[in-house]
Amino acid sequence: MTLPVNFDHNEIVILIGLIASFIIVCWLPKRFSLSFSVLVFLFATTIARLSDHLISGSIVDLYDVMDSGKYEIFDLLTYIYYGPFAYFFIYVYDKFNIKGLRTVLYIIVCTVLATLFEGFHVFMEVFQYKGWHLWYSFSFYLIIQPITLIFYHFLKRLYDKR
Amino acid sequence: MLMELLFWITMSILCVITYFIVHKPLYIVERLFLILFLEFFITSYFAVISVNLEQIYIEKQMVPTIMFLCFELILLPVLFLFFIDLFNSTSLIKRLLIFGLSILVCLGMEWLLLIQDVIVHVNWGLWQSMLGYVTMLVVTIIIHYMFKAILIDEGVVTK
């Protein structure tokens, strides 16, 4: 993995965001076991990596992460950055026992927030679009968030059985 | 090229079906962890080798790319998972045999991609790929043991 071409605002945004989000994860009252949390983190990180690999790769290259199309160390940190947000998403869902139509509302609100958050990162040049649009991200989050909830319920069922 | 594509798709489907049918000693949580980790690790490995180091050139047309994706996203992770599953259920000698066999199968698949002109080795040899697969398998086994220790500690699985 290569080091950043220039260590500037986009790298600083990722570092601050990553440290702050991990501090919040540690500060929040414990709700899930360590292995459960690891799986949620890994799920979000892998989904981010695979999406990037498929739509920002060789034949379909719709955006770059960080300064270049190469696999930088900060690309890796960007994927890890998705972990805490998946954790917060599951955490709030579980804590407030969101059910029924409120789940739809919750997904829409989180999708809007995630899209706005990505918009901020586009502004900070963490993502550099080359044919991608923020609206596509909205649709993407709208698909990924229910999948994350399905993954959570699947895991919860497995853990409750034990 | 379409016949070759069909071959890789068929192999991927057969590999997944076989994995689901065969008895697996690992608990599903461990397998979930492993498949997520392997997908991340393998795609990162090939990105570093092909994009950063430019040691492996992957054809940039649609059909070869799909063939490579079958190898990278389905066959290799499922095979690794299959071998780690077997690795955990046998004696030391069998473990070493399984380890060696798994590396040979991975190399065989890469060799097939080479002769089908899906990938081109630029200043790269199969022995370097072998080292890569050995490293990936060893790292995955270590990471799996660490995760399993957490699961045992939490009482999710037993020793």
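Residues numbered from 1 in each chain as written. Chains lettered and ligands numbered in written order. Predicted model: local features only at pLDDT ≥ 70, side-chain atom pairs only at ≥ 80, totals over all residues. Heavy atoms only, no water.

S.K.: Just checking my understanding: could you explain the overall build of chain B for this structure?
M.R.: Assigned secondary structure in chain B consists of 5 helices and 2 strands. Scanning chain B from its N terminus toward the C terminus, one meets helices and strands in the order α-α-β-α-α-β-α. Expected size for 159 residues packed as a compact globule is a radius of gyration near 15 Å; at 16 Å, chain B falls within 12% of this value. Taken over the C-alpha atoms alone, chain B extends approximately 50 × 30 × 30 Å along its principal axes. For chain B, the residues scored as buried account for 50% of the 159 residues in total. (Helix = DSSP H or I, 4+ residues; strand = E, 2+ residues; numbered from the N terminus. Rg over C-alpha atoms; globule rule 2.2 N^0.38 Å. Buried < 20%, exposed > 50% of the residue type's maximum accessible area, 1.4 Å probe, protein only.)

S.K.: I tried to follow helix H5 (residues 134-161) of chain A on my own but got confused; where do I start?
M.R.: For an α-helix, the turn length of 3.6 residues means that residues three or four places apart are oriented alike. Relative to the 40 Å expected for 28 residues at 1.5 Å per residue, H5 of chain A spans 40 Å between its end C-alpha atoms, a close match to the ideal helical length. Burial in H5 of chain A covers these residues: Ser137, Tyr141, Ile144, Gln145, Thr148, Leu149, Phe151, Tyr152, Leu155, Leu158 and Tyr159 of chain A. If you follow the buried residues of H5 of chain A, they end up packed against helix H2 (34-55), helix H3 (73-95), helix H4 (101-123) and strand E2 (127-129) of chain A together with helix H2 (28-52) and helix H5 (126-154) of chain B. (Expected span 1.5 Å × (residues − 1). Contact = heavy atoms within 4.5 Å.)

S.K.: Just to check I follow, could you spell out a nonpolar patch on the surface for this structure?
M.R.: Residue and element names in this part refer to chain A. There is a patch of nonpolar side chains on the surface, built from Leu101, Val104, Leu105, Ile108, Val109, Val112, Leu113, Leu116 and Leu142 and spanning about 840 Å² of accessible area. When residues of the nonpolar patch are assigned to their parent elements, the largest contribution, 8 residues, is made by H4. Looking at the element boundaries, Ile108 is found in helix H4. Looking at Ile108, the relative accessible area reads 40%, which means it is partly exposed. (Patch = residues over 30% accessible without salt bridge, like charges linked within 9 Å, V, L, I, M, F, W, Y side chains within 5 Å. Areas by Shrake-Rupley, 256 points an atom, 1.4 Å probe, with all protein chains shown as cover. Salt bridge = Lys/Arg side-chain N within 4 Å of Asp/Glu carboxyl O.)

S.K.: Would you mind showing me how to read the packing of H2 of chain A against H5 of chain B here?
M.R.: Packed helix pairs are characterised by how far apart their axes lie and by the angle those axes make with each other. Across the interface, H2 of chain A lies against H5 of chain B with an axial gap of 9 Å and an inter-helix angle of 140 degrees. Between H2 of chain A and H5 of chain B, the angle is such that the two are oblique. Facing Leu34, Ser35, Val38 and Leu39 of chain A of H2 of chain A, the residues of H5 of chain B in contact are Phe147, Ile150, Leu151 and Glu154 of chain B. Across the contact of H2 of chain A with H5 of chain B, the residue classes break down as 6 nonpolar, 1 polar and 1 charged. (Axes fitted to C-alpha atoms, helices over the stretch in contact; angles between N-to-C directions. Parallel < 35°, antiparallel > 145°, perpendicular 65-115°, else oblique. Nonpolar A, V, L, I, M, F, W, Y, C, P; charged D, E, K, R; others polar.)

S.K.: Sorry, what's going on with the nonpolar core here?
M.R.: One broad trend across soluble globular proteins is that nonpolar side chains are buried collectively. Formed by 41 residues in total, the largest nonpolar core has its most connected members in Phe71, Leu76, Phe80 and Tyr133 of chain B. If you list the elements that add at least two residues to this core, you get helix H1 (2-21), H2, strand E1 (56-58), helix H3 (62-87), helix H4 (92-115) and H5 of chain B. Dropping the residues within four chain positions of it, Phe71 of chain B is found in contact with Trp8, Phe46, Leu76, Pro77, Cys106, Met109, Glu110, Leu113 and Tyr133 of chain B. Counting residues in each nonpolar core, the second largest holds 37 residues, with Phe32, Phe41 and Ile90 of chain A together with Leu151 of chain B among its members. (Core = buried A, V, L, I, M, F, W, Y, C linked by side-chain atoms within 4.5 Å.)

S.K.: Honestly, the UniProt feature "transmembrane region" (unreviewed entry) in chain A in this entry has me stumped. Any pointers?
M.R.: Residues and elements named next belong to chain A. On the UniProt side, "transmembrane region" (unreviewed entry) is annotated at positions that read residues 12-29, 36-56, 76-93, 105-123 and 135-155 here. Between the C-alpha atoms that bound residues 12-29 there is a distance of 28 Å. The span itself is 89% helix and 0% strand. Spanning residues 135-155, this segment combines 100% helix with 0% strand, and its end C-alpha atoms are found 30 Å apart. (UniProt positions renumbered as here; feature names shortened; annotations may be inferred.)

S.K.: Just to check I follow, could you spell out the packing of aromatic side chains for this structure?
M.R.: Geometrically, a pair of aromatic rings is defined through the distance of the ring centres and the angle of the planes. This structure, assessed with the given rule, holds 37 aromatic pairs over all chains. Taken together, a centroid distance of 5.5 Å and an interplanar angle of 45 degrees make the contact between Phe22 of chain A and Phe41 of chain A tilted. One end of the pair, Phe22 of chain A, is in helix H1 (residues 9-27); the other, Phe41 of chain A, is in helix H2, with 19 residues separating them in the sequence. When the centroid spacing of 5.0 Å and the interplanar angle of 75 degrees are considered together, the rings of Tyr45 of chain B and Phe46 of chain B count as edge-to-face. (Phe/Tyr/Trp six-rings, centres within 6.5 Å; stacked < 30°, edge-to-face > 60°.)

S.K.: I would appreciate a short explanation of the interface of chain A and chain B in the present structure.
M.R.: Reports often express the size of an interface as the amount of accessible area lost when the parts come together. At the junction of the two partners, chain A supplies 28 residues and chain B supplies 29 residues. Counting each side, the surface lost to burial between chain A and chain B is near 2,500 Å², with a carbon and sulfur contribution of 75%. It is Ile59, Tyr71 and Arg162 of chain A in chain A that bury the most area against chain B; as a group they hold 22% of the surface buried on that side. Along the contact surface separating chain A from chain B lie 0 salt bridges. Applying the counting criterion to the chain A and chain B interface returns 8 residue pairs in polar contact (both at pLDDT 80 or more). Those elements that provide at least two residues to the side of chain A that touches chain B are H2, H3 and H5 of chain A. A per-element tally of the side of chain A that touches chain B places H2 of chain A first, with 12 residues. Classifying every residue of the side of chain A that touches chain B gives 17 nonpolar, 8 polar and 3 charged. (Buried area = accessible area lost by both parts, 1.4 Å probe. Polar contact = N/O pair within 3.5 Å; in protein donor to acceptor, adjacent residues only side chain to side chain.)

S.K.: Just to check I follow, could you spell out unusual backbone geometry for this structure?
M.R.: Across residues other than glycine, the phi torsion is negative in most instances, and most of the peptide bonds are trans. The phi torsion at Met66 of chain A lies on the positive side, around 65 degrees, for a residue other than glycine. Here Met66 of chain A is to be found in the loop between strand E1 (63-65) and H3. Assessed through its relative accessible area of 0%, Met66 of chain A is described here as buried. The residue Glu54 of chain B is not glycine, and still its phi comes out positive at about 55 degrees. With respect to the secondary-structure elements, Glu54 of chain B resides in the loop between H2 and E1. For Glu54 of chain B, a relative accessible area of 51% translates into the label exposed.

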